Amino acid sequence: MFSRFFIDRPIFATVLSLFIVIAGLAAIRILPVAQYPEIAPPVVTVTAIYPGASAEVLEQTVAAPLENQINGIEDMLYMSSTSASNGMVQIQVTFEIGADVDKAALNVNNRVKQAEARLPEEVRRQGVTVEKGSSSFLQVVAFASPDGSLDDIAISNYVTMNVLDRLKRVPGTTNVQIFGAKDYAMRIWVKPDRLTQLGLTTGDVIDAIQEQNAQFAPGKVGQPPVGNGQQLVYTITAQGRFADAGQFEQIVVRADQDGSLIRLKDVADIRLGSKDYEFIGRVNGESAVLVGIFLQPGANALDVADEVNGLMAELATRFPAGLTHAVVFDTTRFVKVSIREVAKTLGEAMLLVFAVVYLFLQNWRATLIPSLAVPVSLIGTFAGLHLLGYSINTLTLFGMVLSIGIVVDDAIVVLENVERIMHEQKKPAYDAAIQAMREVTGPVIAIVLVLTAVFVPIAFLGGLAGELYRQFSITISISVVISGLVALTLTPALCVLILKHEHKNEARFFQWFNAWFARVTRRYTAGVAWMLKRSLVGALLFGGMVVITAGLWKATPGSLVPDEDQGYYIVSALLPDGATLERTDAVVAQVVDAIRSNPANAYAVAFTGFDFLGGGYKNSAATIFVTQTHWDDREVDTPSLVGELFMKTAHIKEALVLAFNPPPIFGLGSAGGFELYIQNRGEGGARRLDEVSQQFIAKANADPLLMNVATFWRAGTPQLFVDVDREKAKALGVSID
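The rules behind each value
Residues numbered from 1 in each chain as written. Predicted model: local features only at pLDDT ≥ 70, side-chain atom pairs only at ≥ 80, totals over all residues. Heavy atoms only, no water. Helix = DSSP H or I, 4+ residues; strand = E, 2+ residues; numbered from the N terminus. Rg over C-alpha atoms; globule rule 2.2 N^0.38 Å. Buried < 20%, exposed > 50% of the residue type's maximum accessible area, 1.4 Å probe, protein only. Contact = heavy atoms within 4.5 Å. Areas by Shrake-Rupley, 256 points an atom, 1.4 Å probe, with all protein chains shown as cover. Lys, Arg positive; Asp, Glu negative; His and termini not counted. Charge placed at Lys NZ, Arg CZ, Asp CG, Glu CD. Pairing = 2+ DSSP bridges. Axes fitted to C-alpha atoms, helices over the stretch in contact; angles between N-to-C directions. Core = buried A, V, L, I, M, F, W, Y, C linked by side-chain atoms within 4.5 Å. Parallel < 35°, antiparallel > 145°, perpendicular 65-115°, else oblique. Left-handed = near helix turned anticlockwise from the far one by under 90°. Nonpolar A, V, L, I, M, F, W, Y, C, P; charged D, E, K, R; others polar. Arc of directions from axis to C-beta. Salt bridge = Lys/Arg side-chain N within 4 Å of Asp/Glu carboxyl O. Phe/Tyr/Trp six-rings, centres within 6.5 Å; stacked < 30°, edge-to-face > 60°. Polar contact = N/O pair within 3.5 Å; in protein donor to acceptor, adjacent residues only side chain to side chain.

## Structural notes on the overall build of the chain
- Check the secondary structure of the chain and you find 23 helices and 20 strands.
- A globule of 737 residues ought to have a C-alpha radius of gyration of about 27 Å, yet the chain, at 35 Å, is considerably larger.
- Looking at the chain as a whole, 41% of its 737 residues are labelled buried.
- The long-range share in the chain, meaning contacts at least 24 apart out of those at least 6 apart in sequence, stands at 76%.
- By element, 58% of the accessible surface of the chain is carried by carbon and sulfur atoms, the whole surface being about 40,200 Å².
- With 59 positive and 72 negative side-chain charges, the chain shows a spacing of 8 Å between the two charge centroids.

Written out as structure tokens, the structure reads:
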């Protein structure tokens, strides 16, 4: 008999269980911690820049060649592209769930290289980047100068040179970026009237800058092979790229035959500034440089966040005077609270189970046995999660909460049978344990097989639901298997060591409980006997319960995961197409004032010039991430704050202000609810697509099941069309390009 070996060797059984516990404890230290399992499909982002190009030109000359080349790549689900009027195109290539994102990025990069020859020269000069996308937004760190001694350009460049690379080296981060980075650039403002007077064109200015602002490699003097007698070798250096405005001012645009020179300062104003001014970052209305940190798939969010916070504390000691930082957005806050609440539920469930066991067994020795056996199963489950590459998340912990009531049954089956034999047959614990295991070994194995047969098939479900609940089902299955092993090894050994024949003096409470439970049992058995004689009544009751269950199933709203108070919400401000960044910033100031009027809101992190819903940078759009104070410090929940903001911003007529909860799982959509795309496969171009979209939205909003159906794509964005007379230009010798 299998269990006889461990009954005779209790130390071996104990060591085996200790090994399981130690393995589980070791796994807990290295398992990644997250809110949900990694289920968002891998995404690879391709970015190209064509300065000065319109969205339509970008779509035709950049996006189309890249999409044609990328299409059909291995494991690709679909791709979408956004061509914006700021000259940037982004192509999001989404792959099958479970695909290797590193391999996917390499395959996309190879396809992009094949398409580069068909791209405009200016795009190739700027470079086409291919990066792994990350759906796990970890933190936003804001850098600011409260005393105003440093401007955004200086702060942005300080962060780029001294902070960004250090953050990128933190294990577990996959992408660290400055939103709207204001890299230093030499701004050259050409004077058209002076160019006309001097007979110059902007092309002449560009050619002069490219010629003289260049890096040279002059070589060496005296480098072998040379004639005999050479004693020294000199490396030749020369003036390379210019570094300040004064050097750019001296660039010679044209040298006339009389020896006169036309310099760049004669036809342009030159100053050091930012590469672009398409974005404004603010925190609670104050200017700030915002750095986003994304989490690597499979990394421990809590550990990475702690590492980032520790690194920032270290770097802050070397900040220049007037520079401060703050973590204004942190998704690990919700992860911590979620894990804390589930762990609290786990502890409460264990206490409840042990209280019920003691209530019915009324023997502390007997209660001690499942109290020792159950933790072995639960802690050992973490080792199984580590071997399968899973994480500690709310679903695996919920699985453990459910499995507590399951795994305790195996220990109780063995314990009750041993105690029954000792009580009825007056056998010592050793003999009772051997006889009990002969009787219950088969049932214990059957329990394990039946329960695993119930939960394991869930792991084979397809789609997002299968990916999401696979870890839940496997967690329960692992704990059940370990509990079966413990019931056949440790539990009978503990019964021999702990159980004894003893005279019970029942306390008055237990006497009352036993009498009450006996009455309940008699009434229940009488009711069952009555029902057995009236099978039609039983069938009708069963049918009624089935109908009620089906009705509740149909009436209960369904979703992949429930919407929760994640500690922040998102605001989107949309101005009329063509609105300037200054107008958008003014609206953002009004919205931030409304947000800060409620003390439950901690930070309002504004991304002015960034369209979160539509994607990409746009002067007429802004996105605000509003983080709340800790859940323990406020009574109002996030959905209530969303509704409150709608009321407080209803007076703003210059823009459409929308507030909404974040998606339950970051990376699956931009907001709560769902999103879809309308694809134009016929004629008519953008205007026809806009007509159909508006018709679809009107019908969708008429459906009582839907609300706030909208699109933020516009086909009528104001543009200026330049109609060039090409023949006249050629006749006058004017170059069109």
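## Description of the sheet that holds strand S3 (residues 88-95)
- Pairing in this open sheet of 4 strands is antiparallel, and the strands run S2-S3-S1-S4 from one edge to the other. Every interior strand has two partners, whereas the edge strands, strand S2 (76-83) and strand S4 (129-132), have only one. On average, each strand axis in the sheet is tilted by 20° relative to the strand beside it, whichever way the strands run.
- Looking at chain direction, strand S1 (residues 43-49) and S4 are connected through 4 bridges and run antiparallel. Looking at the pairing, Val44 lines up with Lys132 of S4.
- Helix H3 (residues 55-70) contacts S1, S2 and S3 of the sheet and is inclined by roughly 165° relative to S2.

## Topic: the side chain of Thr584
- Checked against the element boundaries, Thr584 lands in helix H20 (residues 581-596).
- Excluding residues within four positions of it along the chain, Thr584 makes contact with Leu575, Thr608, Asn619, Ser620, Ala621 and Ala622.

## Section: the nonpolar core
- Ranked by internal contacts, the top residues of the largest apolar core, which has 59 residues, are Phe382, Val418 and Leu499.
- Those elements that provide at least two residues to this core are helix H2 (10-30), helix H13 (332-361), helix H14 (364-387), helix H15 (394-425), helix H16 (429-455) and helix H17 (463-498).
- Ignoring any residue separated from it by four or fewer positions in sequence, one finds Leu499 in contact with Arg365, Ala366, Ile369, Leu415, Val418, Met422, Ala429 and Leu494.
- Of all hydrophobic cores here, the second largest spans 25 residues; its members include Val170, Leu295, Ala299 and Val304.

## Some remarks on the packing of H15 against H17
- Interaxial distance between H15 and H17 falls to 8 Å at its minimum, and their mutual angle equals 25°. Classified by the angle their axes make, H15 and H17 are roughly parallel. H17 is crossed by H15, and the crossing has right-handed handedness.
- Taken together, the residues that form the contact of H15 with H17 break down as 18 nonpolar, 9 polar and 1 charged.

## Let's talk about helix H9 (residues 202-212)
- Turning to H9, its buried residues number three or more, namely Val205, Ala208 and Ile209. Looking straight down H9, one finds its buried side chains confined to an arc of 95°; they lie on one side.
- Buried positions along H9 lie against strand S7 (184-190), helix H8 (192-198), helix H10 (245-249), strand S10 (252-255) and helix H11 (264-267).

## As for unusual backbone geometry
- Residue Pro225 is reached from Pro224 by a cis peptide bond, and omega for that bond is 0°.
- Within the secondary structure layout, Pro225 lies in the loop between strand S8 (220-221) and strand S9 (234-235).
- With a phi angle near 70°, Asp75 is a residue other than glycine that sits in the positive phi range.
- One can find Asp75 in the loop between H3 and S2.
- Exposure remark for Asp75: the relative accessible area of 38% places this residue in the partly exposed category.
- Residue Asn284 is not a glycine yet carries a positive backbone phi of 55°.

## Notes on the pattern of salt bridges
- If you walk through the whole model with that rule in mind, you get 19 salt bridges.
- Asp102 is the partner of Lys132 in a salt bridge, and the nearest nitrogen-oxygen pair spans 2.7 Å. Of this pair, Lys132 sits in strand S4 while Asp102 is found in helix H4 (residues 101-115), placing the two residues 30 residues apart along the sequence.
- In this structure, the salt-bridge partner of Arg125 is Glu122, at a minimum N-O distance of 2.4 Å. Of this pair, Arg125 and Glu122 both sit in helix H5 (residues 121-126), 3 residues apart, roughly one helical turn.

## Notes on the packing of aromatic side chains
- For the structure shown, the criterion picks out 25 aromatic pairs.
- Geometrically, the ring pair formed by Phe360 and Phe513 is edge-to-face, given 5.3 Å between the ring centres and 85° between the ring planes. Within this pair, whereas Phe360 is found in helix H13, its partner Phe513 is found in helix H18 (residues 508-532), the two being separated by 153 residues in sequence.
- Classification of Phe360 by relative accessible area gives partly exposed; the value is 42%.
- Judged by its relative accessible area of 7%, Phe513 falls in the buried class.
- When the centroid spacing of 6.0 Å and the interplanar angle of 40° are considered together, the rings of Phe513 and Trp516 count as tilted.

## Considerations on the sheet that holds strand S6 (residues 173-178)
- Taking strand neighbours across the sheet as the criterion, the 4 strands line up as S6-S15-S5-S16 in an open arrangement whose pairing is antiparallel. Each of the sheet's edge strands pairs with one partner strand only, and the pair in question is S6 and strand S16 (324-330). Strand after strand, the sheet turns through a mean of 20° between neighbouring axes, direction not considered.
- Two elements, S6 and strand S15 (residues 289-295), share 5 bridges in a ladder whose sense is antiparallel. If you follow Gln177 over to S15, its bridge partner there is Gly292.
- With respect to the sheet, helix H6 (residues 152-162) is in contact with strand S5 (137-144), S6 and S15, its orientation differing from that of S15 by roughly 30°.

## A word on the environment of Val480
- Note that Val480 resides in helix H17.
- A residue is classified by how much of its surface remains accessible, and Val480, at 0% relative accessible area, is buried.
- Separated by 71 residues in sequence, Val480 and Asp409 have C-alpha atoms that sit 9.9 Å apart.

## A few points about the environment of Thr489
- Within the secondary structure, Thr489 is located in helix H17.
- Among the residues examined, Thr489 registers a relative accessible area of 1% and is labelled buried.
- Sequence separation between Thr489 and Phe12 is 477 residues; the distance between their C-alpha atoms is 9.1 Å.
- Those residues in contact with Thr489, other than ones at most four positions away along the chain, are Phe2, Phe6, Ala13 and Leu16.
- Of the polar contacts made by the side chain of Thr489, one reaches the backbone oxygen of Leu485; its length is 2.7 Å.

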